[in-house]
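Coordinate inspection notes
Listed below, chain by chain, are the residues.
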Amino acid sequence: MPDGMMPDGIPCLLMRGGTSKGAYFLASDLPADPAARDELLLRIMGTPDPRQIDGLGGAHPLTSKVAVVSPSPDHGGGPGGPADVDYLFLQLGVDEAFVTDRQNCGNLLAGVGPFAVERGLVPAGPERTEVRIRMVNSDSVATARFATPGGAVDYDGDLAIDGVPGTAGAISLDFEDTAGSSTGALFPTGSVLDTVEGVEVTCVDNGMPSVLMRAADLGVRGDEAPADLEADAELAARLAKIRAAAAELMGMGDVSGTTVPKLVLLSEPRAGGAVSTRSFLPVRVHTSIGVLGALTAAAGLLAPGSVGHALAVLPEEGAPFRIEHPTGHFDVDVALAPVEAAGSGAAGEGTAAGGLAVVRSAALRTARKIFDGRVFPRPRL
């Protein structure tokens with residue numbers, strides 16, 4: 001038998017979560033050793049290969065993702081109590097053979113609650129189910145709520161999210177401890193505005209370490225198609241320098257082999273939203289914007305004095321923060337308050353610059369079960 005073949009395959013649930021797609025596994029079905037696990041996942045996804053022709057991957061970072069889920073021991077789970085399940089997100093390369101756990105994924109997170117019910121980790125309620133999820137990558141917690149009429153996940157519904165055709169059942173995601181989840185502070189440089197490589201930036205981490213910049217400062221409009229931005233070699237080289245320098249300021253060290261921090265170009269809204277965005281992953285351009293990326297961009301824009309505060313059309317109190325992206329918009333609910341007013345119930349205590357704390361971070365997503373079965377990894381190369 002060829003080296004690395006597994007004649008019985010490995011249990012796997014392929015799901016769309018938000019505007020991403022990934023393979024969901026129980027941790028108990030994968031090797032416990034991280035190196036062996038990552039090597040196996042590369043073979044399952046078909047990496048390295050630009051088309052991932054010999055695996056599950058879809059030839060794009062948004063479809064080369066893995067969720068590893070397990071019952072959660074009692075970690076405390078933040079203000080709301082212990083978590084039900086642990087969720088480890090792994091981003092796999094497409095044409096490069098890497099696996100990284102340096103970031104979360106709020107889109108695949110949308111599928112974790114349903115997956116936990118499908119696999120019997122959490123009992124379904126008669127009408128709705130609530131699953132508290134510890135995001136292992138950042139040791140923070142999110143609560144997912146979704147419909148389970150008759151004790152089964154209902155993936156059908158009327159919620160449409162831009163970047164996904166049709167409609168599906170709503171999954172509400174309420175986040176705790178998002179601020180500074182990876183860097184230790186909402187504004188990890190200690191300032192809401194910095195100058196990096198001659199460009200004004202806001203470095204912010206409300207669940208996804210990001211560097212916000214005005215598109216005009218990079219010589220682009222900010223409404224270009226993702227493929228056009230990816231084809232701009234001069235822009236790519238400049239962004240790479242900004243990303244490396246900003247990461248040092250954020251205390252992240254050498255990020256040449258990682259996918260964070262993300263880069264977000266900001267411009268005036270064009271379709272009634274608060275701001276228009278183009279997000280880099282960090283080289284490919286997102287066809288929409290990630291959940292945690294959207295929560296982070298909103299937090300950065302809400303801070304007075306930040307790079308995008310003046311160009312954004314900020315929503316009225318109680319209205320959603322609508323972030324425009326290449327395929328439409330994404331509504332999030334984010335609120336900041338002075339640290340003294342936020343109190344112990346803040347959604348993240350990682351603050352310093354501006355004396356601001358995140359008091360609310362929430363979003364609506366959808367997910368869909370695509371197939372449930374066994375995946376057969378390719379043999380070792």
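Residues numbered from 1 in each chain as written. Predicted model: local features only at pLDDT ≥ 70, side-chain atom pairs only at ≥ 80, totals over all residues. Heavy atoms only, no water.

Labelled according to an unreviewed UniProt entry, the protein chain appears under the name 4-oxalomesaconate tautomerase, originating from Sinomonas atrocyanea. Word for word, the UniProt comment on the protein chain under Sequence similarities (unreviewed entry) is "Belongs to the PrpF family." (UniProt positions renumbered as here; feature names shortened; annotations may be inferred.)

1. Things to note about unusual backbone geometry
Glycine aside, a negative phi is what most residues show, and trans is what most peptide bonds show. Residue Val260 is joined to Pro261 through a cis peptide bond whose omega torsion reads 5 degrees. Summarising the element assignment, Pro261 is placed in the loop between α4 (233-249) and β12 (262-267). One non-glycine residue, Glu197, lies in positive phi territory at about 50 degrees. Relative to the elements of secondary structure, Glu197 occurs in the loop between β9 (194-196) and β10 (199-204). (Helix = DSSP H or I, 4+ residues; strand = E, 2+ residues; numbered from the N terminus.)

2. What about the packing of aromatic side chains?
One pass over the structure, following the stated rule, counts 1 aromatic pair. For the pair Tyr24 and Phe115, a centre-to-centre distance of 5.8 Å together with 35 degrees between the ring planes defines the contact as tilted. In this pair, Tyr24 sits in strand β2 (residues 20-26) while Phe115 sits in helix α2 (residues 106-118), placing the two residues 91 residues apart along the sequence. Neither residue differs from the other here; Tyr24 and Phe115 are each classed as buried. Over the ring of Phe330 we find Arg365; its NZ or CZ atom is 3.8 Å from the centre of that ring. (Phe/Tyr/Trp six-rings, centres within 6.5 Å; stacked < 30°, edge-to-face > 60°. Buried < 20%, exposed > 50% of the residue type's maximum accessible area, 1.4 Å probe, protein only. Lys NZ or Arg CZ within 6 Å of the ring centre and 35° of its normal.)

3. Some details on the environment of Pro71
Secondary-structure assignment places Pro71 in strand β3 (residues 65-71). In this structure Pro71 comes out as exposed when scored by relative accessible area, which is 55%. Separated by 62 residues in the primary sequence, Pro71 and Ile133 have C-alpha atoms spaced 9.6 Å apart. Those residues within four positions of Pro71 in sequence are excluded, and the remaining contacts are Asp84, Val85, Asp86 and Leu121. (Contact = heavy atoms within 4.5 Å.)

4. Considering the nonpolar core
One finds Tyr87, Phe175, Met213, Leu218, Ile323 and Val332 to be the most contacted residues of the largest nonpolar core, which totals 86 residues. The element that contributes the greatest number of residues to this core is helix α5 (residues 291-302), accounting for 8 residues. Apart from residues lying up to four places away in sequence, Leu218 is in contact with Val199, Met213, Leu235, Arg238, Leu239, Ile242 and Leu265. (Core = buried A, V, L, I, M, F, W, Y, C linked by side-chain atoms within 4.5 Å.)

5. Notes on the pairing of strand β6 (residues 128-135)
When a strand is regular, its side chains alternate between the sheet's two faces. With 6 of 8 residues buried, β6 is to be regarded as a mostly interior element. Count of turn residues in the β6/strand β7 (residues 140-147) antiparallel hairpin: 4 residues, of which Asp139 carries a positive phi of about 55 degrees. (Pairing = 2+ DSSP bridges.)

6. Some words on the environment of Val69
Its place among the elements puts Val69 in strand β3. In this structure the C-alpha to C-alpha distance between Val69 and Ala35, which are 34 residues apart in sequence, comes to 17 Å. Apart from the residues within four sequence positions on either side, Val69 is in contact with Phe25, Leu26, Ala27, Val85, Asp86, Val112, Phe115 and Leu121.

7. A closer look at α4
Here α4 spans 25 Å end to end across 17 residues, near enough to the 24 Å set by a 1.5 Å rise per residue. Turning to α4, its buried residues number three or more, namely Leu235, Leu239, Ile242, Arg243, Ala246 and Ala247. Viewed end-on, α4 has its buried residues packed into an arc of 130 degrees, placing them on one side of the element. In α4, the exposed positions angled more than 90 degrees off the buried face are occupied by Ala233, Glu234, Lys241 and Glu248. Downstream of α4 by one or two residues, Gly251 has phi in the positive range, about 80 degrees. (Expected span 1.5 Å × (residues − 1). Arc of directions from axis to C-beta.)

8. A word on the pairing of β12
Burial analysis of β12 places 6 of its 6 residues in the buried class, which makes it a mostly covered element. The pairing of strand β11 (residues 210-214) with β12 spans 5 bridges and is parallel. By the bridge assignment, Ser210 is partnered in β12 with Lys262. Across 5 bridges, β12 lies against strand β13 (residues 275-280) in antiparallel orientation. Of the residues in β13, the one forming a bridge with Leu265 is Arg278.

9. Some remarks on helix α1 (residues 34-45)
Between the first and last C-alpha of α1 there are 16 Å, a value that for 12 residues agrees with the 16 Å anticipated at 1.5 Å per step. Within α1, burial applies to Arg37, Asp38, Leu40, Leu41, Leu42, Arg43, Ile44 and Met45. Those residues of α1 hidden inside the fold are in contact with β1 (10-17), β2, β3, β4 (85-92), β5 (99-100) and β17 (367-375). Backbone geometry just after α1 places Gly46 at a positive phi near 85 degrees.

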